[in-house]
Every structure is written in C-alpha cells, then in structure tokens.
Amino acid sequence: MLGTLFGILLGGSAGWGLQRFLEHKLLPQARPSDLPIYKEPSPEDEAVWLMPKDYGLNKVFSDEKALRCVLNPETVTAHLADNNGSVKLFDDRFSADSVIIEKSNLPFLKQVWEAPNSYRPVSSSSSMFNPDVFLEFKNGGDTLKVILRFGCQDMQWVLNDHEDNTGGMGLTEYALAVLKAVLRQSFPESPTFLSPAIK
C-alpha cells in the first residue's frame, strides 16, 4: 500500500496523488477545506521561485554526513518551538519534549528532500519570522537538525551542533504541504500544522 501511494505521488498526476494521500493516510480527521491542494507551478512561477532543474540535493545539504542523515535516518524526532524551552538552536528555543516521527512517514519526508520542486530561493525577509519546529535526524553518530519556518517558507539546518556547518533553503508550497501533513500526525492538537488549501 505504501509503495502504491509513493508511486502515485511521484507520477505525472502529482496533484491528485498528494490530495488522495493527505485525505486517506495523513489527515483522516481533516475537513476538505483543511487539505492542501498541490498545483503544478506555471512556467512563470518556475522562472521566479524554483531553483534551476540541475540544482541537486548536495547543494541543499552540502555536507555528506548531512545528506546521509536526511536520506537514511535511523530515527527522526520533532521539537516544537517554545520561547521558554530548554533546547537552544541558533537564537531560537524549543521544547525539550520530542515526538518520534513514525517510520511509515519517513519515505514521504525523503520524497520532499529529493523532489526538485521542493526548493526556492530563501526570502530576504526570513529573519522576521519565528521557527515552528525542528526535526532531528540521527544516522550513526551524526545528528542533523532542520528548523522549519512555515511563515516565511524556509528551513535552516545544522550538523552535529557545529554552527559553522550549516545551511538554509526556501521551501515551496508543495514541500510545506507534505511537511505539515506529516507533523500533524505527531502534533494533532497544534494549529501550526493545519493545512489550508494552497491557492
């Protein structure tokens, strides 16, 4: 079943596949108005927002260890942003309490990272927005932390807590829709991960 859904999402009918996937797998309790609707970018949108077609994943996660963490994690946990939280990452604070992302959802995270239409240039106004969550990917002795900011549609990562080994990238509505759907499974009471229809 998972393989079939994965194939649908990667096929030519990506919009329909994502809609069905969200309705039946990740958002069983959602009202129709809550569901993200994926729309293929127009040529004009692609020229303005999306990265060049040859923009590889190794340019998003420039460290080989970071790539291994994000593509083949042993575990993935999520921490919500919390101004009074005890976990500090860059200049932001997060709750020490974490939720493990279910293994059945890891292929969908991997799909987001690998999809060429997941990324766009980072907005110049990114620093004006607060983070919503960070995902912690563990592979062997390495840990990759990825901060997600839904307000400004971007992410920032750090490998093994070395602030000189970091990177960032803008995210498209497609990527954010799938990430929100996965995170809503882990935080069903949080309004942050509700997924209104994408215009």
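Residues numbered from 1 in each chain as written. Predicted model: local features only at pLDDT ≥ 70, side-chain atom pairs only at ≥ 80, totals over all residues. Heavy atoms only, no water.

Draft legend 1. Broad picture of the packing of aromatic side chains. According to the stated counting rule, one finds six aromatic pairs in the structure shown. Their ring planes at 90 degrees and their centres at 4.9 Å tell us that Phe-94 and Phe-134 sit as a pair that is edge-to-face. Linking Phe-94 in strand S3 (residues 92–94) with Phe-134 in strand S6 (residues 133–139), this pair joins segments that are 40 residues apart in sequence. With 6.0 Å between their ring centres and 70 degrees between their planes, Trp-113 and Phe-137 make a pair best called edge-to-face. Remark: Phe-137 occurs in strand S6 and Trp-113 occurs in helix H6 (residues 106–114); sequence separation between them is 24 residues. Note on accessibility: Trp-113 and Phe-137 belong to one class, buried. Put simply, the rings of Phe-61, Trp-113, Phe-137 and Trp-157 touch in pairs and so form one group of aromatic residues. (Phe/Tyr/Trp six-rings, centres within 6.5 Å; stacked < 30°, edge-to-face > 60°. Helix = DSSP H or I, 4+ residues; strand = E, 2+ residues; numbered from the N terminus. Buried < 20%, exposed > 50% of the residue type's maximum accessible area, 1.4 Å probe, protein only.)

Draft legend 2. Fine view of the pairing of strand S9 (residues 166–171). Of the pairings in the sheet, the one linking strand S5 (residues 119–120) to S9 comprises two bridges and is antiparallel in character. Within S9, the residue paired with Arg-120 across the bridge is Gly-170. Alignment of strand S8 (residues 154–159) against S9, held across five bridges, turns out to be antiparallel. Looking across to S9, one finds that Val-158 is bridged to Thr-166. If you look at the hairpin formed by S8 and S9, you'll find six residues sitting between the two strands, and Asn-160 has a positive phi there, around 55 degrees. (Pairing = 2+ DSSP bridges.)

Draft legend 3. Inspection of the sheet that holds strand S1 (residues 75–80) at higher detail. The strand order across the open sheet formed by seven strands is S4-S1-S6-S7-S8-S9-S5, and the pairing between neighbours is antiparallel. Bordering the open sheet on either side are strand S4 (99–100) and S5, each of which pairs with just one other strand. Pairing between S6 and strand S7 (residues 142–149): seven bridges, direction antiparallel. Looking at the pairing, Asn-139 lines up with Asp-142 of S7. Helix-sheet contacts for H6 involve S1, S5, S6, S7 and S8, and the interaxial angle to S6 is about 100 degrees. (Contact = heavy atoms within 4.5 Å. Axes fitted to C-alpha atoms, helices over the stretch in contact; angles between N-to-C directions.)

Draft legend 4. Main features of the packing of H6 against helix H7 (residues 173–186). Two elements in contact, H6 and H7, have axes separated by 10 Å at closest approach and are oriented at 165 degrees. Comparing the axis directions of H6 and H7 gives the class roughly antiparallel. The chirality of how H6 crosses H7 is left-handed. Here H6 contributes Phe-108, Leu-109, Gln-111, Val-112 and Trp-113 to the contact with H7, which in turn contributes Tyr-174, Ala-175, Val-178, Leu-179 and Val-182. (Parallel < 35°, antiparallel > 145°, perpendicular 65-115°, else oblique. Left-handed = near helix turned anticlockwise from the far one by under 90°.)

Draft legend 5. View of the pairing of S7. Of all eight residues that make up S7, eight are buried, and the element is covered over most of its length. Burial of the side chains of S7 extends over both faces: Asp-142, Leu-144, Val-146 and Leu-148 are buried on one face and Thr-143, Lys-145, Ile-147 and Arg-149 on the other. Here S6 hands over to S7 after two residues, with Gly-140 in that stretch at a positive phi of 60 degrees. Bridge count for S7 against S8 is six bridges, and the pairing is antiparallel. When the bridges of S8 are listed, Lys-145 appears paired with Val-158. In sequence, S7 turns back onto S8 through a hairpin of four residues, with Gln-153 there showing a positive phi of about 55 degrees.

Draft legend 6. Here's a closer look at the nonpolar core. Judged by nonpolar contacts, the single largest core of 39 residues is most densely connected at Phe-61, Trp-113, Phe-137, Leu-144, Leu-148, Met-155 and Leu-183. The biggest single contributor to this core is H7, with seven residues. Here Phe-137 is in contact with Cys-69, Val-70, Pro-73, Thr-75, Val-76, Leu-109, Trp-113, Asp-142, Thr-143, Leu-144 and Val-146, once residues within four sequence places are set aside. (Core = buried A, V, L, I, M, F, W, Y, C linked by side-chain atoms within 4.5 Å.)

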